[in-house]
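Architecture at a glance
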Amino acid sequence: MTFLLRFGAVCGLLSGLFIALPGAVEAFTGETAVTSFVLGVSPALAVPLLTALHIGQMHATGTFGSIGYAVNLIGLGLFGGAAYALNLVLFYLGETVANDLAAPTRAALLGSALVFMVGTVLFTIAMVRARVYPRIPVWIYGIALPVFAIAARLPDTPLTSALHVVVGATLAWLATAIWRRAQAAYGTPRTA
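Scope of this entry: the structure provided in the associated data block. (Residues numbered from 1 in each chain as written. Predicted model: local features only at pLDDT ≥ 70, side-chain atom pairs only at ≥ 80, totals over all residues. Heavy atoms only, no water.)

Quick notes on the overall build of the chain
The number of helices and strands found in the chain is 6 helices and 0 strands. Ordered by position in the sequence, the α and β elements of the chain form the string α-α-α-α-α-α. Residue pairs in contact within the chain that sit at least 24 positions apart in sequence constitute 78% of those at least 6 positions apart. (Helix = DSSP H or I, 4+ residues; strand = E, 2+ residues; numbered from the N terminus. Contact = heavy atoms within 4.5 Å.)

Okay, here's the thing in structure tokens:
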């Protein structure tokens, strides 16, 4: 259990950094191959964070928390796949190809964002009710991540860059809260 919490915290911190830092850089440079790559990888690191968040509060959330976690996990998987495709596939195909996506592809991308948004809201409600994690990052998580899903296909602007920074900082804040809870509950990690 302690390994999963700490692993989730480390991955969550990396995921937050992999969202915030490219967002900050893109405010000045626009989207680049490097920032696009780092952003495309970040959702994979958010999965262990989400699991650690759930493990840390499941004693207080009951069935509703598990449902919120499940929907958020599926939504993160779908949205993460979409983010990967947008940042690591469509980026290299150029703006013309990205704008000419077929209707089923656009519907799939929109559907993945919708499932992610619903899951995020449900999981946020569970976190608010559980009162395990700090309130400020929990509320920001519930507001900023659905907006982040909507903004995924918007052109890069200083506003979308700022949103990346806010989302990344929120994930890092929650990851730090998990690490502290694990350390308080299980002590300092042993070295081999």
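Resuming the write-up.
A closer look at empty space enclosed by the protein
Taken as a whole and assessed by the stated rule, the structure comprises 1 cavity of 30 Å³ or more. Taken together, Met 127, Val 128, Arg 131, Tyr 133, Pro 134, Arg 135, Val 138 and Trp 139 form the lining of the largest cavity. Of all the secondary structure elements, the ones that give two or more residues to the lining of the largest cavity are helix 4 (103-130) and helix 5 (135-151). Per-element accounting of the lining of the largest cavity gives the leading share, 3 residues, to helix 5. In terms of residue class, the lining of the largest cavity is made up of 6 nonpolar, no polar and 2 charged. (1 Å grid on protein atoms, 1.4 Å probe; cavity = no way out; pocket = protein on both sides within 12 Å on 5 of 7 lines; lining within 4 Å. Points joined across faces, edges and corners; volume = space filled by probe spheres on them. Nonpolar A, V, L, I, M, F, W, Y, C, P; charged D, E, K, R; others polar.)

Side note on the side chain of Asn 72
Locating Asn 72 in the fold gives a position in helix 2 (residues 33-93). Dropping the residues within four chain positions of it, Asn 72 is found in contact with Leu 50, Phe 116, Gly 119, Thr 120, Phe 123 and Tyr 141.

Some thoughts on helix 1 (residues 2-29)
Helix length check: helix 1, at 28 residues, gives a terminal C-alpha distance of 40 Å against a target of 40 Å (1.5 Å per residue), a fit within 8%. Immediately downstream of helix 1, the backbone of Gly 30 shows phi near 80°, a positive value. (Expected span 1.5 Å × (residues − 1).)

Here's the deal with helix 5
In this model helix 5 runs 24 Å from its N-terminal to its C-terminal C-alpha over 17 residues, within 8% of the 24 Å that 1.5 Å per residue would give. Of all the bends in helix 5, the greatest measures close to 30° and is centred on Tyr 141. (Bend = angle between axes of the 7 residues up to and from the residue.)

Here's the deal with the packing of aromatic side chains
Taken as a whole and assessed by the stated rule, the structure comprises 5 aromatic pairs. Aromatic side chains Phe 3 and Phe 7 sit 5.7 Å apart centroid to centroid with 10° between the ring planes, which places their arrangement in the stacked category. Linking Phe 3 with Phe 7, this pair stays in helix 1, spanning 4 residues, or about one helical turn. Owing to a relative accessible area of 38%, Phe 7 belongs among the partly exposed residues under this scheme. With a centroid separation of 6.5 Å and 55° between ring planes, the pair formed by Tyr 69 and Phe 123 is classed as tilted. (Phe/Tyr/Trp six-rings, centres within 6.5 Å; stacked < 30°, edge-to-face > 60°. Buried < 20%, exposed > 50% of the residue type's maximum accessible area, 1.4 Å probe, protein only.)

A short note on the nonpolar core
A general feature of soluble globular proteins is that nonpolar side chains tend to end up buried together. The biggest cluster of nonpolar side chains holds 36 residues, and the ones touching the most others in it are Leu 53, Phe 123, Met 127, Tyr 133, Tyr 141, Val 167 and Ile 178. Residue assignment for this core shows that the elements contributing at least two residues are helix 1, helix 2, helix 4, helix 5 and helix 6 (158-186). Among the elements that take part in this core, helix 2 stands out by supplying 10 residues, more than any other. Other than its neighbours up to four places away in sequence, Phe 123 contacts Leu 50, Leu 53, His 54, Gln 57, Gly 65, Gly 68, Tyr 69, Asn 72 and Tyr 141. (Core = buried A, V, L, I, M, F, W, Y, C linked by side-chain atoms within 4.5 Å.)

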